[in-house]
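Summary of the model geometry
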Amino acid sequence: MISSPIADGVIDVHAHWLPAELFHLPPGAPYGGMRDRDGELYLGDIPLSISARGMSDVPATLADMSAAGVGVRVLSAPPFAFPVGGGAGAGTYVTAFNDALSAVVSEAGGRLLGLGMVSLDDSDEARVQMERLAQTEGIAGIALPPLLAGQSLDQGALRRILTDAEDLALAVLVHPMQLPRPEWSEHYLANLIGNPVESATAVAALILGGVKEQLPRLRICFVHGGGCAPALLGRWTHGWHTRADVRAHSTRPPNDVFGELFFDTVTHDPGLLELLAAHASKDGIVCGSDYPFDMAQQGPVRFATDHGPDAESLTSNARAFLGL
């Protein structure tokens, strides 16, 4: 719920924050906990190439916003903190994060907003958490992983959460988790290839599974420009027209539904952002940064306005996504 005025300027919908007391991450986290090693942040044994302070320190976040020309930043947990493992303690972790996030945004004078977290293994508990978030000042919605236990947004727990999000008018940000696979164990490929593939899988599941058709009021945004999705949209649409199994659960071709989704500008490639703009609605592109990760988009506002919509459109689009 956002009833108080927010600051002027471009809204960055994709940025991360986690208090140091929650660096241990929830039970079953794929890579283990995050650790501060002499000021540098590690995910298990993987160096994240960012400072621990950057992830947890609000003044550092605000200073980065000023330097980048960001008016408002929407904070969500780093994807490693999603409670994909479930089990005892997951709900406690979710509550602790949501409470901490609420406190941070309430003290930021309209410069920070939040996307909360939900339990992924208990639909009833998730519904209660979402009802609470919907009544929490400064919280606009939730962040979710694109995959859970071999299912995506058209099935199982994630599908039920999307139904509740639409019902409660909560925005949904879908962020990949760079899940480990043997063929991506070197060269940071779990991120460089895994993240875009996870996002594209979720976009395809949402469209071809008929989810957006069934939930027309759902406001959902895919980070990193939708990953591989803009480059694959033509292939999906061709398949939808030529194969009955592709269109079995949807009544509209993918290139039609694609224009009803939101995507951020973290593409690292002007050509890819231009391709995204050619396929997405002019109202569906929002500014993102991926702060504070080393894979963040450098100069997010400048990059977005140089190669995508102008600042006024980016701000208007973000307000629509957030329900403002």
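What counts, and where the lines are drawn
- Residues numbered from 1 in each chain as written.
- Predicted model: local features only at pLDDT ≥ 70, side-chain atom pairs only at ≥ 80, totals over all residues.
- Heavy atoms only, no water.
- Buried < 20%, exposed > 50% of the residue type's maximum accessible area, 1.4 Å probe, protein only.
- Helix = DSSP H or I, 4+ residues; strand = E, 2+ residues; numbered from the N terminus.
- Right-handed = clockwise from strand over helix to strand, strands pointing away.
- Pairing = 2+ DSSP bridges.
- Contact = heavy atoms within 4.5 Å.
- Axes fitted to C-alpha atoms, helices over the stretch in contact; angles between N-to-C directions.
- Phe/Tyr/Trp six-rings, centres within 6.5 Å; stacked < 30°, edge-to-face > 60°.

Focus: the pairing of strand E6 (residues 112-116)
Of all five residues making up E6, five are buried, and the element is well covered by its neighbours. Alternating positions in E6 separate into two faces, Leu112, Gly114 and Gly116 on one and Leu113 and Leu115 on the other, with burial throughout. Viewed along the sheet, the connection from strand E5 (residues 72-76) through helix H3 (residues 90-106) into E6 turns out right-handed. As judged from the three bridges shared by E6 and strand E7 (residues 139-144), these two strands associate in the parallel manner. The residue bridging Gly116 from the neighbouring strand is Ile142, located in E7. Between E6 and its parallel partner E7, the chain crosses via helix H4 (residues 123-134), and the hand of that crossover is right-handed.

With respect to the side chain of Ser152
By secondary structure assignment, the location of Ser152 is in the loop between E7 and helix H5 (156-167). When neighbours within four sequence positions are excluded, Ser152 is seen to be in contact with Pro146, Leu147, Leu158, Thr201, Ala202 and Ala205.

With respect to the sheet that holds strand E4 (residues 46-51)
Spatially, the three strands line up as an open sheet ordered E2-E3-E4, and their pairing is antiparallel. In this open sheet, the two edge strands, each paired with only one partner strand, are strand E2 (34-37) and E4. Averaged over all adjacent pairs, the angle separating strand axes in this sheet is 30°, with direction ignored. Two elements, E2 and strand E3 (residues 40-43), share four bridges in a ladder whose sense is antiparallel. Pairing of Asp36 across the sheet is with Leu41, part of E3.

Comments concerning the packing of aromatic side chains
Applying the stated criterion across every chain yields a total of five aromatic pairs. Between the aromatic rings of Trp17 and Phe97, the centroid separation amounts to 6.2 Å while the plane-to-plane angle is 40°, which identifies the pairing as tilted. Placement of Trp17 in the loop between strand E1 (11-16) and E2 and of Phe97 in helix H3 is noted, with a sequence separation of 80 residues between them. Each member of the pair, Trp17 together with Phe97, is buried. Each ring, one from Phe258 and one from Phe263, has its centre 4.6 Å from the other, and the planes form 25°; the classification is stacked. Assessed through its relative accessible area of 0%, Phe258 is described here as buried. When its relative accessible area of 0% is taken as the criterion, Phe263 is described as buried.

Some words on unusual backbone geometry
The step from Tyr291 to Pro292 runs through a cis peptide bond, and the omega angle for that step is 5°. One non-glycine residue, Ala169, adopts positive backbone phi at about 60°. Following the sequence through the fold, Ala169 ends up in the loop between H5 and strand E8 (171-174). For Tyr188, which is not a glycine, the phi torsion comes out positive at approximately 60°.

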